[in-house]
Amino acid sequence: MTHPAKKSTTVIIGLLIFIIAVPLTIGTVLWHNSRINALSTLSNCNVRTGCILPGGAVIQFTPPADITKPFDINMHHVPASVQRISIHFTMRNMDLGFNRTDFKPQGQGIWTAHHAVLPVCVDERNDFLGDLTLDGRHYNIVFTAP
């Protein structure tokens, strides 16, 4: 004899898992594809002195000596048409979770992201990838932290 309560509970749990898993999977795939389809990868830039993006905007920051500490990121010469800027830090071939930091406009083409934090790697690596997004356009910035 089957218990209708157990059967309906199983169905509800299955539906909840489906409702959560499908959007999460789609979101992850779209985010990963946007990183792969970056307009440009800036691999020879020094984030401490500034990296020039295509179009002339400059991103500059100094990763802290203790990478568990927050730091600020500045962008200059940002076109007035830009409405949203964010950066997500990760490492090549390693998923370190979601850690997007949003920039706020300061006026005159200057944007700042306060209290950005680098993800911590248990392998003690210091090679990072910043996935910078300006109004949906992605740029990969390769850098090392002290």
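In case you missed it, the structure is sitting above this.
Residues numbered from 1 in each chain as written. Predicted model: local features only at pLDDT ≥ 70, side-chain atom pairs only at ≥ 80, totals over all residues. Heavy atoms only, no water.

Student: Honestly, the pattern of salt bridges in this entry has me stumped. Any pointers?
Tutor: Opposite charge on two side chains allows them to pair when their charged atoms are near. In the structure shown here, the tally under the stated rule is 2 salt bridges. Linking D102 and R84 is a salt bridge whose minimum nitrogen-to-oxygen distance equals 3.9 Å. With D102 in strand β6 (residues 101-102) and R84 in the loop between β4 (71-76) and β5 (85-90), this pair connects stretches of sequence that are 18 residues apart. Classification of D102 by relative accessible area gives partly exposed; the value is 30%. R84 gets classed as partly exposed once you look at its relative accessible area, which sits at 46%. Its salt-bridge partner being R100, residue D102 comes within 3.1 Å of it at the nearest N-O pair. R100 sits in the partly exposed class, given a relative accessible area of 39%. Connected through salt bridges with shared partners, the residues R84, R100 and D102 form a single ionic network. (Salt bridge = Lys/Arg side-chain N within 4 Å of Asp/Glu carboxyl O. Helix = DSSP H or I, 4+ residues; strand = E, 2+ residues; numbered from the N terminus. Buried < 20%, exposed > 50% of the residue type's maximum accessible area, 1.4 Å probe, protein only.)

Student: Teacher, can you tell me more about the sheet that holds strand β8 (residues 110-116) here?
Tutor: Consider a sheet: its strands pair through backbone hydrogen bonds, and that pairing is either parallel or antiparallel. With antiparallel pairing, 5 strands are arranged side by side in an open sheet as β2-β3-β4-β8-β7. Each of the sheet's edge strands pairs with one partner strand only, and the pair in question is β2 (51-52) and β7 (104-107). Where β2 meets strand β3 (residues 58-61), 2 bridges bridge the pair, whose relative direction is antiparallel. If you follow I52 over to β3, its bridge partner there is V58. (Pairing = 2+ DSSP bridges.)

Student: Can you help me understand the nonpolar core in this one?
Tutor: The nonpolar side chains of a soluble globular protein tend to be buried, and buried together. If you look at the biggest cluster of nonpolar residues, it comprises 30 residues, and the most contacted ones within it are I59, I73, M75, I85, F89, F103 and L132. Listing elements by their share of this core, those giving two or more residues are β3, β4, β5, β8, β9 (127-134) and β10 (137-144). For I73, the contacting residues outside a window of four places in its chain are I59, Q60, F61, I87, F89, F103, W111, T112, A113 and A116. (Core = buried A, V, L, I, M, F, W, Y, C linked by side-chain atoms within 4.5 Å. Contact = heavy atoms within 4.5 Å.)

Student: What is the right way to read a nonpolar patch on the surface from this model?
Tutor: Together, V11, I12, L15, L16, I19 and I20 make up an exposed nonpolar region whose accessible area comes to about 580 Å². Checked against the element boundaries, V11 lands in helix α1 (residues 4-36). By relative accessible area, V11 is classed as partly exposed at 46%. (Patch = residues over 30% accessible without salt bridge, like charges linked within 9 Å, V, L, I, M, F, W, Y side chains within 5 Å. Areas by Shrake-Rupley, 256 points an atom, 1.4 Å probe, with all protein chains shown as cover.)

Student: I keep staring at the packing of aromatic side chains and nothing clicks. Help me out?
Tutor: Centre-to-centre distance and the angle between the planes together describe a pair of aromatic rings. In total, this model carries 6 aromatic pairs according to the counting rule given. Ring geometry for F61 and F89: centres 6.1 Å apart, planes at 70 degrees, overall edge-to-face. Here the residue F61 occupies a position in strand β3, and F89 occupies one in strand β5, the gap between them amounting to 28 residues. Overall, F61 belongs to the buried group, its relative accessible area being 3%. Here F89 falls in the buried class, since its relative accessible area comes to 0%. Considering the side-chain rings of F89 and F143, the 5.8 Å spacing of their centres and the 75 degrees angle between planes classify their relative orientation as edge-to-face. One end of the pair, F89, is in strand β5; the other, F143, is in strand β10, with 54 residues separating them in the sequence. Looking at F143, the relative accessible area reads 5%, which means it is buried. Following the ring pairs from residue to residue traces out a cluster consisting of F61, F71, F89, F128 and F143. (Phe/Tyr/Trp six-rings, centres within 6.5 Å; stacked < 30°, edge-to-face > 60°.)

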